[in-house]
Amino acid sequence: MPKVAGLLYYPVKGCGVVSATAATVTSAGLTHDRSFMVVSEEGVFMTQRRHPRLALIAPAVSADEQTLTLRADERHGAVRVPVDTTGPRRDVDLFGSSYQGIDQGAAAARWLSDFLGVRSRLVRVPPEHDRVTDGRTPGTSGYADSCALHIVSASSLDHLNGRLLARGAHPLAMNRFRPNIVVDGWAEPHTEDRALRIRVGDAELRYAKLAIRCAVTLVDQETAAKAGPEPMRTLALYRRAATGGVAFGSKYAVLRPGKVSLGDAVEVTRWGVSELHGPTGRS
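Since the model is a prediction, treat every value here as computed from it, not as a measurement.

Notes on the packing of aromatic side chains
The final tally for this structure, using the stated rule, is four aromatic pairs. Measuring from ring centre to ring centre gives 5.7 Å for tryptophan 111 and phenylalanine 115, while their planes differ by 15°; the resulting arrangement is stacked. Of this pair, tryptophan 111 and phenylalanine 115 are both found in helix α1 (residues 106–116), four residues apart, which corresponds to roughly one turn of the helix. Relative accessible area serves as the criterion here: at 3%, phenylalanine 115 is assigned to the buried category. Where tyrosine 207 meets tyrosine 252, the ring centres are 6.0 Å apart and the plane angle is 90°; that geometry is what we call edge-to-face. Of the two residues, tyrosine 207 is situated in strand β16 (residues 203–212) and tyrosine 252 in strand β17 (residues 247–256); the sequence distance between them amounts to 45 residues.

So, in structure tokens, the structure goes:
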């Protein structure tokens, strides 16, 4: 039986990962996933595509959800940020769309600006955030690129790494693709393309769209070194999407929130055809 082999969330968009043994799936995805975001002074979101050092920032949300801690190298140490959920709202820009954010204060801004080498602010999703995401199943999310959950199967990465090795390139870790749920036990690569409806733990998910990859996949998540052309060059040989770009993994909306744990069975209750080569109708 396929099972959950990885459960991952990213409290600050673009920053380091938190691995969990259990997590609550809300309508916007795993609790705390992309609930904070680093922005320029003008409010435009910052990404590893231009600021790869974001990958080196390790965030942690306290058990009472009152404090966010950001850690980096020995020189910069850590900063503890009291989480503000009631402060004044400000406009933020995410891929050209306007949303609201709550600024998290001067201490966080100074620490981020010093570490990244560019003037930065930290914002949090406000409680009234009502973003609607696209895809075959509409949903919502915090500051994620698009949908609530991103799923990648271990077999998809194994297949890619086999192709990379055959081309004389180095295999890659799963963290290059920054998924929320890693599924082990699907023998066929890219089964997540065809799994239209999934039960996992207490939650139920529905397929929204393919995950179209970007230059973040070129960033080593351990060192922040950015070097091309892999994996994009190899993915372009066999994962070109009909709608443009190259796809790896799939995005899902949440039909029923609930708790998910490592080892939970992943049950597909509705199958379909991959959209890689063109639309297949609604799920």
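Overview of the environment of methionine 232
Along the chain, the position of methionine 232 falls in helix α3 (residues 232–238). Ignoring any residue separated from it by four or fewer positions in sequence, one finds methionine 232 in contact with Arg213, Cys214, Thr217, Leu218 and Val246.

Comments concerning unusual backbone geometry
Backbone geometry follows two general trends: most residues other than glycine have a negative phi, and most peptide bonds adopt the trans configuration. That bond from glycine 228 to proline 229 is cis: its omega, 0°, falls within 30 degrees of zero. The omega torsion of the bond from glutamate 230 to proline 231 falls at 10°, within 30 degrees of zero and hence cis. Backbone geometry places phenylalanine 95, a non-glycine residue, at a positive phi of 55°. Mapped onto the elements, phenylalanine 95 comes out in the loop between β10 (89–94) and β11 (97–103). When its relative accessible area of 44% is taken as the criterion, phenylalanine 95 is described as partly exposed.

Conventions and cut-offs
Residues numbered from 1 in each chain as written. Predicted model: local features only at pLDDT ≥ 70, side-chain atom pairs only at ≥ 80, totals over all residues. Heavy atoms only, no water. Phe/Tyr/Trp six-rings, centres within 6.5 Å; stacked < 30°, edge-to-face > 60°. Helix = DSSP H or I, 4+ residues; strand = E, 2+ residues; numbered from the N terminus. Buried < 20%, exposed > 50% of the residue type's maximum accessible area, 1.4 Å probe, protein only. Contact = heavy atoms within 4.5 Å.

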